[in-house]
Amino acid sequence: MAPPITRHKVRDLDVRMMRAGAGAPLLFLHSAGGMPVWTPFFDKLAAQYDVIIPEHPGFGDTPAPDWIRNIGDMAMYYLDFLDSMGLGKVHLAGHSLGGWTAAELATRNCTDILDLTLIAPAGLRVKGAPSGDNFIWSAEESVRNMFHNQKIADAILAMTPTEEDSDRALANRFMAARLGWEPRWHNPALARWLHRISVPTQVIWGGNDMLLPPVYAEAWKAGVPDVRVEIIPECGHAVTADKGDACAATILSFLARS
């Protein structure tokens, strides 16, 4: 069962947030798709950890402040978020845009980070391996290209969104464009600073990712000092939904060791 959505104040922002479980805090930063649906993937994490999923500023029902203009600003905002929550040291994880944000945060300050889990993160560009462009995909392509398991895509496409769902999706798209439009889904400077990530790091990728090819995992492996890479076969970009059990097991195994 999904936890209730609560609110938390960070600077002048009233942020939506989900939180469930007990144990060491695990901060999960969501993708450009917005606040995720609470799935069995999160139940498995919450069985062992205090899982905290905030909504990024500008996404869904959380306002978009003019002082978040790029992914670096978002990373700095999450340092403010951690300060405001008073959690102490946390396990930090992020998917896609959230993984990019988590990595940018870690290059700036790892003081309160125990370890880092990056799930198909954006942020890097590999020459000769172009990414997909979800800004120009059709609505159906945007769903289908996220999943290897097309039954999941079929179920999503069969849903009739409410007016609130449509408004949130539009907000997500506008904020995603602010952060990832130019240059597309990467920061040309990030690779130069990956050496500053000073905590154990795990990179998880779907072997059939159509947005960010799994070869991108090698770029993270080359740049982050203490890193392991796990490729999940028969899995698209939406790793936590496409192969939620395998992804959760991989994360829990890593956290137990680190």
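Placed above this text is the structure.
Read on for an overview of the structure. (Residues numbered from 1 in each chain as written. Predicted model: local features only at pLDDT ≥ 70, side-chain atom pairs only at ≥ 80, totals over all residues. Heavy atoms only, no water.)

1. Points about the environment of Leu255
Piece 1. Relative to the elements of secondary structure, Leu255 occurs in helix 9 (residues 244–257).
Piece 2. Once residues within four sequence positions are removed from consideration, Leu255 is found in contact with Leu26, Tyr49, His91, Asp115 and Thr117. (Helix = DSSP H or I, 4+ residues; strand = E, 2+ residues; numbered from the N terminus. Contact = heavy atoms within 4.5 Å.)

2. Structural notes on the sheet that holds strand 8 (residues 227–232)
Hydrogen bonds between backbone atoms are what pair the strands of a sheet, whose relative direction is either parallel or antiparallel.
Piece 1. Taken together, the 8 strands give an open sheet; going across it, the order is 1-2-4-3-5-6-7-8, and neighbouring strands pair in mixed fashion. The open sheet has two free edges, formed respectively by strand 1 (5–10) and strand 8, since each of these has just one partner strand. Between one strand axis and the next, the sheet turns by 25° as a mean value, whatever way the strands run.
Piece 2. Pairing between strand 5 (residues 90–95) and strand 6 (residues 113–119): 6 bridges, direction parallel. Within the sheet, the bridge partner assigned to Ala93 lies in strand 6 and is Thr117. (Pairing = 2+ DSSP bridges. Axes fitted to C-alpha atoms, helices over the stretch in contact; angles between N-to-C directions.)

3. Side note on the pattern of salt bridges
Piece 1. Under the defined criterion, the tally for this structure stands at 12 salt bridges.
Piece 2. Here Asp61 ties to Arg16 by a salt bridge, and the two come within 3.5 Å at their closest N and O atoms. With Asp61 in the loop between strand 4 (50–54) and helix 2 (71–85) and Arg16 in strand 2 (residues 13–20), this residue pair connects regions lying 45 residues apart in the sequence.
Piece 3. Residue Asp61 is classed as partly exposed on the basis of its relative accessible area, which comes to 34%.
Piece 4. For Arg16, a relative accessible area of 8% translates into the label buried.
Piece 5. For Asp50, the salt bridge identified is with Arg19, shortest N-O distance 2.6 Å. You can see Asp50 sitting in strand 4 and its partner Arg19 sitting in strand 2, a full 31 residues away along the chain.
Piece 6. Of the residues examined, Arg19 reaches a relative accessible area of 36% and is grouped as partly exposed.
Piece 7. Linked by salt bridges that have partners in common, Arg16, Glu55, Asp61 and Arg168 make up one network. (Salt bridge = Lys/Arg side-chain N within 4 Å of Asp/Glu carboxyl O. Buried < 20%, exposed > 50% of the residue type's maximum accessible area, 1.4 Å probe, protein only.)

4. Quick look at the packing of aromatic side chains
The relative placement of two aromatic rings is captured by the distance of their centres and the angle of their planes.
Piece 1. Counted under the stated rule, the structure contains 9 aromatic pairs.
Piece 2. Between Tyr77 and Tyr78 the ring centres are 4.8 Å apart and the planes differ by 70°, which places this aromatic pair in the edge-to-face class. An identical accessibility class is assigned to Tyr77 and Tyr78; each is buried.
Piece 3. With 5.2 Å between their ring centres and 5° between their planes, Phe135 and Trp185 make a pair best called stacked. Of the two residues, Phe135 sits in the loop between strand 6 and helix 4 (139–144) while Trp185 sits in the loop between helix 6 (163–180) and strand 7 (201–206), which places them 50 residues apart along the sequence.
Piece 4. The class for Trp185 is buried, based on a relative accessible area of 5%.
Piece 5. Among the aromatic side chains, those forming a connected cluster through ring pairs are Phe28, Trp38, Phe41 and Phe42. (Phe/Tyr/Trp six-rings, centres within 6.5 Å; stacked < 30°, edge-to-face > 60°.)

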